[in-house]
Amino acid sequence: MINDLGLSTQLGCNRWKYVDDITLSDTLLLGQSSCLQSDLDRIHQWAVDNNMRLNPSKCKIMRMCFFREQPVLPVFTIDGKPLDSVFSHKVLGLTLQSDLRWNAHVDSIVPKAAKRLYILRILRCSNVSTTDLVAVYVTLIRPLLEYGCIV
């Protein structure tokens, strides 16, 4: 698993490890170079050494920059294959956007909440008690709407 990566002191970028996944991030000031490519190379080498393969088609780059003129950044690669650049990406159930807006996340949870509200309507038509309706709302709908709201 990812805990065997063993590069905690060698990696130069920020990283978040999950069960079988890792997210890297780097903060750059004007004129600085990124450490992401060297970290990607180290992770790729670790995978090869452990008889595994990274899937570059599942690896994405999301750039967040608020300058009027976007700086030119290098193309990041894994095993010589360039990584796709995306506008939004889902991480642990939250859809993050490169402009730090929440439109994509809200657009993804509204249909789920609407389906669950339909359950509540059906239960109300079946004369389920108000106490039980509140319990259904608190357990099925509210967590979906409030997940990640602190972020």
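In the annotation of an unreviewed UniProt entry, the entry for the protein reads RNA-directed DNA polymerase from mobile element jockey, and the organism field reads Acropora cervicornis.

Asker: Please clarify how the packing of helix H2 (residues 103-125) against helix H3 (residues 130-146) should be interpreted in this entry.
Answerer: Each packed pair of helices is defined by two parameters, the angle between the axes and the distance between the axes. Relative orientation of the contacting elements H2 and H3 amounts to 175 degrees, with a least axis distance of 9 Å. Taken as axis vectors, H2 and H3 run roughly antiparallel relative to one another. Between H2, through Ile 109, Lys 112, Ala 113, Arg 116, Leu 117, Leu 120, Leu 123 and Arg 124, and H3, the contact on the second element is made entirely by Leu 133, Val 136, Tyr 137, Leu 140, Ile 141, Leu 144 and Leu 145. Split by residue class, the contact of H2 with H3 holds 12 nonpolar, no polar and three charged.

Asker: I tried to follow unusual backbone geometry on my own but got confused; where do I start?
Answerer: Most peptide bonds are trans, and most residues other than glycine sit at a negative phi. For Leu 92, which is not a glycine, the phi torsion comes out positive at approximately 50 degrees. With respect to the helices, strands and loops of the structure, Leu 92 is situated in the loop between strand E7 (88-91) and strand E8 (94-97). Of note in the backbone geometry, Asn 127 takes a positive phi value of approximately 60 degrees without being a glycine. Mapped onto the elements of the fold, Asn 127 is located in the loop between H2 and H3.

Asker: Looking at this model, I keep getting lost on the pairing of E7. Mind explaining?
Answerer: Remember that side chains alternate between the two faces of the sheet whenever the strand is regular. Judged from the four bridges that link them, E7 and E8 form a sheet pairing that is antiparallel. Along E8, the bridge assignment pairs Lys 90 with Thr 95. Linking E7 to E8, which pair antiparallel, is a turn of two residues; within it Leu 92 sits at a positive phi near 50 degrees.

Asker: So what exactly am I meant to see when it comes to the pairing of strand E1 (residues 14-17) here?
Answerer: In this structure, E1 lies alongside strand E2 (residues 22-25), joined through four bridges in antiparallel fashion. In the sheet register, Arg 15 faces E2, and the bridge partner there is Leu 24.

Asker: Sorry if this is basic, but what is going on with the nonpolar core here?
Answerer: One broad trend across soluble globular proteins is that nonpolar side chains are buried collectively. Counting eight residues, the largest nonpolar core consists of Cys 13, Cys 35, Leu 36, Leu 40, Ile 61, Phe 76, Ile 78 and Leu 83. If sequence neighbours within four positions are ignored, Leu 83 has contacts with Leu 40, Pro 56, Cys 59, Ile 61, Phe 76, Thr 77 and Ile 78.

Asker: For this particular structure, what's the right way to read H3?
Answerer: Owing to its 3.6 residues per turn, the α-helix aligns residues three or four sequence positions apart on the same side. At Val 138, H3 shows its maximal bend, which comes to roughly 40 degrees. Considered for burial, the residues of H3 that qualify are Leu 133, Val 136, Ile 141 and Leu 144. Check the buried side of H3 and you find it contacts H2. Looking one or two places after H3, you find Gly 148, whose phi comes out positive at around 80 degrees.

Asker: Sorry if this is basic, but what is going on with the pattern of salt bridges here?
Answerer: Opposite charge on two side chains permits them to pair, given that their charged atoms come into close proximity. Evaluated as defined, the whole model comprises four salt bridges. The partner of Asp 84 in a salt bridge is Lys 60, with the nearest N and O atoms 3.5 Å apart. Pair noted here: Asp 84 is in strand E6 (residues 84-85) and Lys 60 is in strand E3 (residues 60-61), with a separation of 24 residues, a long-range link. Judged by its relative accessible area of 43%, Asp 84 is partly exposed. The exposure class assigned to Lys 60 is partly exposed, which follows from its relative accessible area of 33%. A salt bridge links Arg 142 to Glu 146; the nearest nitrogen and oxygen atoms lie 3.0 Å apart. With a gap of four residues between them, Arg 142 and Glu 146 both fall in helix H3, about one helical turn apart. Note on Arg 142: relative accessible area 37%, which makes it partly exposed.

Asker: I keep staring at the environment of Leu 73 and nothing clicks. Help me out?
Answerer: With respect to the helices, strands and loops of the structure, Leu 73 is situated in the loop between E3 and strand E4 (77-78). For Leu 73, a relative accessible area of 30% corresponds to the partly exposed category. Sequence separation between Leu 73 and Val 138 is 65 residues; the distance between their C-alpha atoms is 46 Å.

Scoring rules and cut-offs
- Residues numbered from 1 in each chain as written.
- Predicted model: local features only at pLDDT ≥ 70, side-chain atom pairs only at ≥ 80, totals over all residues.
- Heavy atoms only, no water.
- Axes fitted to C-alpha atoms, helices over the stretch in contact; angles between N-to-C directions.
- Helix = DSSP H or I, 4+ residues; strand = E, 2+ residues; numbered from the N terminus.
- Parallel < 35°, antiparallel > 145°, perpendicular 65-115°, else oblique.
- Contact = heavy atoms within 4.5 Å.
- Nonpolar A, V, L, I, M, F, W, Y, C, P; charged D, E, K, R; others polar.
- Pairing = 2+ DSSP bridges.
- Core = buried A, V, L, I, M, F, W, Y, C linked by side-chain atoms within 4.5 Å.
- Buried < 20%, exposed > 50% of the residue type's maximum accessible area, 1.4 Å probe, protein only.
- Bend = angle between axes of the 7 residues up to and from the residue.
- Salt bridge = Lys/Arg side-chain N within 4 Å of Asp/Glu carboxyl O.

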